[in-house]
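# Chains, contacts and geometry: an overview
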Amino acid sequence: MNYSERKLLGSEIRSALAFFQPSAATILRHSAISSSHPLTGAFFGVRKGNRGLRSEKIPGATFLGITSSSRQQAMGSNERPNPDRLAVVTGANKGIGLETARQLASHGVTVILTARDEKRGTDAVESLHQVGFSNVVFHQLDVRDPASVASLAHFIQNQFGKLDILVNNAGASGVVVDVEGLKALNIDPESWLSGKATNIVQAVIRQDNEDAVTCLDTNYYGVKRVTEALLPVLMRSTSGARIVNVSSLRSELKRMPNESIRNQLNDIDNLNEEKIEKLLDGFLEDLKNGTLEAGGWPMMLPSYSVSKTVLNAYTRVLAKRYPDMCINCVHPGYVKTDINWNTGVLATEEGAKGPVMLALLPNGGPSGCYFDQTTMAEY
Ligand SMILES: NC(=O)c1ccc[n+]([C@@H]2O[C@H](COP(=O)([O-])OP(=O)(O)OC[C@H]3O[C@@H](n4cnc5c(N)ncnc54)[C@H](OP(=O)(O)O)[C@@H]3O)[C@@H](O)[C@H]2O)c1
């Protein structure tokens, strides 16, 4: 499918999704499970200290208290929960991730809300339960910790045997900011987004090597780590797997001053993880040597921008490798959240719309594409 065909399909999908409401069946399922959802009872109840493995102790008796029809909806013939669609959202204890989890749950998707901090994650799940979304369960996930990632994969494999949607949302800014100083600068959103404020913000933003490593390890390697661990269960999706990588407009290739780097990242026929990671090594080297500008790297939030640029490249590599899935990346908009020190202008409800639209794409929908909120855009 070429770019204009995909663009057309994208607009059709947008119109379709504008009318996308929970179906009668979904509403029925919600009401059937609202008070004693087997997933909630089974998994949420064992969350303390849970990294997944303890959930194996869940007794079959957990399911006995509910009606046989809702039990049938929740379980397959092999007697394990079998929701129609199961999603994982990373970094979902707050911000766009939490709202993405909420919107997916409102569409009848069973959501594994993950967070690196157990208390913050379980509080977030509790907040969704309180507004009626009992189809949300918690699992700890620190995308930087391979053991935590393996534990989530093990949990999904054991309890569900498949996964339909992965929203790689967790992100780190890679900088330390003097928040009061930033507020005092009173930068207008246009200057912030266009990059015109690049020089002004240097006075209040500090980035060292460690921050940069954290940023790359969260925004690129973390996504890769989680995706690779969950691909085996995604491949078992019967509804068609979807991967949504939450990127940023800082990722756009036109913002990368170095033409050679731009060309390498755009050469999708020859691109692979090894080439992407070689570029990242070069970036860290230039950062260490104080030669970022000379190296042609973006100077506005350098490690964040680079991490999201390579995330987009990775999205394209994956989409090419797994043509049966819909794998896309999305700039959620300039949303008021902690990651931008609450300088954003959109509400999280708006910011989650793009990720949710891509998570719910119908079969045959676009793949390997970049979206600016809900509109397909140029990489
Ligand atoms: N807000 C915007 O305007 C904007 C624009 C473009 C792109 N984005 C992207 O949108 C995504 C969500 O960000 P947000 O705006 O919602 O910011 P946010 O409210 O600060 O949320 C970031 C989330 O990522 C989590 N996280 C960070 N490191 C993690 C790790 N190692 N393992 C697991 N989770 C981790 C955070 O958890 P803790 O609470 O534990 O720190 C938090 O839940 C990010 O990828 C961001 O880059 C946002």
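Rules of the game
- Numbering of residues begins from 1 in every chain and follows the order in which that chain's sequence is written.
- Only residues with pLDDT of at least 70 get local features here, since the model is predicted, and only at 80 or more are side-chain atom pairs given and counted; chain-wide, interface and lining totals rely on the full set of residues.
- Hydrogens are left out, water is left out, and the side-chain values use all remaining heavy atoms of the structure.
- A helix here means a DSSP run of H or I that spans at least four residues, while a strand means a run of E at least two residues long, and both kinds are numbered starting from the N terminus.
- Whether two residues touch is decided by their heavy atoms; if any such pair falls within 4.5 Å, the residues are in contact.
- Here the accessible surface of atoms and residues is derived via Shrake-Rupley with a 1.4 Å probe, and residues count as covered only by protein chains that are part of the display.
- Fitted lines through C-alpha atoms give the axes, limited to the stretch in contact for helices. The angle between two N-to-C directions lies from 0 to 180 degrees.
- By definition in this entry, angles of less than 35 degrees are roughly parallel, angles greater than 145 are roughly antiparallel, angles of 65 to 115 are roughly perpendicular, and the rest are oblique.
- We call a crossing left-handed when the near helix sits turned anticlockwise from the far one by less than a right angle, and right-handed when that turn is clockwise.
- Grid points spaced at 1 Å over the protein atoms alone were grouped into cavities, where a 1.4 Å probe fits but cannot get out, and pockets, open sets with protein on both sides within 12 Å along at least five of seven lines, with lining residues defined by an atom within 4 Å of a point.
- Grid points are joined across faces, edges and corners, and a volume is the space filled by probe spheres set on the points.
- Residue polarity follows a fixed list, in which Ala, Val, Leu, Ile, Met, Phe, Trp, Tyr, Cys and Pro are nonpolar, Asp, Glu, Lys and Arg are charged, and the others, Gly among them, are polar.
- Classification of ring pairs rests on two measures: the distance between centres of Phe, Tyr or Trp rings, Trp counted by its six-membered ring, which must be within 6.5 Å, and the angle between planes, read as stacked under 30 degrees, edge-to-face over 60 and tilted in between.
- Remark: exposure states derive from per-residue accessible area (1.4 Å probe, protein chains only) relative to the maximum for the residue type, with buried under 20%, exposed over 50%, and partly exposed in between.
- For a lysine, the NZ atom is tested; for an arginine, the CZ atom; a charge sits over a ring if that atom is within 6 Å of the ring centre and within 35 degrees of the ring normal.
- One heavy atom within 4 Å of a molecule or strand makes the whole residue count as near it.
- In the analysis that follows, any N or O atom pair within 3.5 Å is treated as a polar contact, provided that within protein one partner can donate a hydrogen and the other can accept it, and provided that, for residues neighboring in sequence, both atoms belong to side chains.
- Pairing between strands requires that DSSP locate at least two bridges from one strand to the other.
- Call a crossover right-handed when, viewed with both strands pointing away from you, the route from the first strand across the helix to the second goes clockwise.
- By nonpolar core is meant a set of buried Ala, Val, Leu, Ile, Met, Phe, Trp, Tyr and Cys residues that side-chain atoms within 4.5 Å join together.
- What pLDDT conveys is the predictor's confidence in a given residue, as a value from 0 to 100.

## Some points on the overall build of the chain
Broken down by element type, the chain carries 16 helices and 10 strands. Across the chain, contacts joining residues at least 24 apart in sequence account for 76% of those joining residues at least 6 apart. Summed over its atoms, the accessible surface of the chain is roughly 16,200 Å², and 51% of this surface lies on carbon and sulfur atoms.

## With respect to the packing of helix 7 (residues 146-159) against helix 11 (residues 209-234)
Contact geometry for helix 7 and helix 11: axes closest at 9 Å, N-to-C directions at 15°. In terms of axis orientation, helix 7 runs roughly parallel to helix 11. The handedness of the crossing between helix 7 and helix 11 comes out as right-handed. Along the contact surface, helix 7 presents Pro146, Val149, Leu152, Ala153, Ile156 and Gln157, while helix 11 presents Arg225, Val226, Ala229, Leu230 and Val233.

## Some points on empty space enclosed by the protein
Enumeration over the complete set of coordinates arrives at 2 cavities of 30 Å³ or more. As a volume, the second largest cavity reaches approximately 40 Å³. Ser251, Leu253, Leu265, Thr309, Asn312, Ala313, Arg316 and Tyr379 are the residues that line the second largest cavity. A per-element tally of the lining of the second largest cavity places helix 14 (residues 302-321) first, with 4 residues. Its residues assigned to classes, the lining of the second largest cavity comprises 4 nonpolar, 3 polar and 1 charged.

## Here's the deal with the packing of aromatic side chains
Going through the model one piece at a time under the given rule, you end up with 5 aromatic pairs. Between Tyr220 and Tyr221 the ring centres are 4.8 Å apart and the planes differ by 70°, which places this aromatic pair in the edge-to-face class. Among the residues examined, Tyr221 registers a relative accessible area of 23% and is labelled partly exposed. Positioned above the aromatic ring of Tyr379 is the side chain of Arg316, whose terminal nitrogen or guanidinium carbon lies 4.0 Å from the ring centre.

## Some details on the site of the ligand
Around the ligand, a shell composed of 29 residues is seen, among which Asn93, Arg116, Asn169, Tyr304 and Thr337 lie nearest. Contact between the ligand and Thr337: an oxygen atom at 2.6 Å from a side-chain N or O atom of the residue. One of the backbone nitrogen or oxygen atoms of Ile339 is found 3.2 Å away from an oxygen atom of the ligand. Isolated, the ligand exposes 900 Å² of accessible area, and the fraction of that covered by the protein chains is 94%. Breaking the shell around the ligand down by element, the ones donating at least two residues are helix 5 (95-106) and helix 14.

## Brief notes about the sheet that holds strand 3 (residues 136-140)
Taken in spatial order, the 8 strands line up as 3-2-1-4-7-8-9-10 in an open sheet, and their pairing is mixed. Edge strands, defined here as strands with exactly one partner in the open sheet, are strand 3 and strand 10 (375-377). Strand after strand, the sheet turns through a mean of 25° between neighbouring axes, direction not considered. Direction of pairing for strand 1 (residues 86-89) relative to strand 4 (residues 165-168): parallel, over a ladder of 3 bridges. Within strand 4, the position partnered with Val88 by the bridge is Leu166.

## Quick notes on the pairing of strand 3
With respect to burial, strand 3 is a largely interior element, 5 of its 5 residues being buried. In strand 3, alternate side chains face the same way, and those of Val136, Phe138 and Gln140 on one face and Val137 and His139 on the other are all buried. The sheet contact formed by strand 2 (residues 110-115) and strand 3 spans 5 bridges and is parallel. Counterpart to Ile112 in the pairing with strand 3 is Val137. The parallel pair strand 2 and strand 3 is bridged by helix 6 (residues 118-130), and the resulting crossover is right-handed.

## Quick notes on the nonpolar core
Ile112, Ile156, Leu163, Leu230 and Leu234 are the most contacted members of the largest nonpolar core, which has 54 residues in total. When contributions to this core are tallied by element, the ones reaching two or more residues are strand 1, helix 7, helix 11, helix 12 (259-266), helix 13 (273-289), helix 14 and strand 8 (326-331). Examining the composition of this core, we find that 9 residues originate from one element, helix 11, more than from any other. Within the second largest apolar cluster, 32 residues are counted, among which are Ala101, Ile165, Val244 and Phe371.

## Describing the layout of surface pockets
Taken as a whole, the largest pocket spans an internal volume of roughly 980 Å³. Along the walls of the largest pocket sit 43 residues, with Ala170, Gly171, Ala172, Thr337 and Ile339 positioned nearest its centre. If you list the elements that add at least two residues to the lining of the largest pocket, you get helix 5, strand 2, helix 9 (189-194), helix 11 and helix 14. Residue contributions to the lining of the largest pocket peak at 3 residues, all from helix 5. For the lining of the largest pocket, the residue count by class is 18 nonpolar, 17 polar and 8 charged.

## Brief notes about the confidence of the model for the chain
On average, residues of the chain carry a pLDDT of 82, and 79% of them reach 70 or more. Counting contacts from residues 1-77, a segment whose pLDDT is below 50, to residues more than four positions away or on other chains yields 119 contacts.

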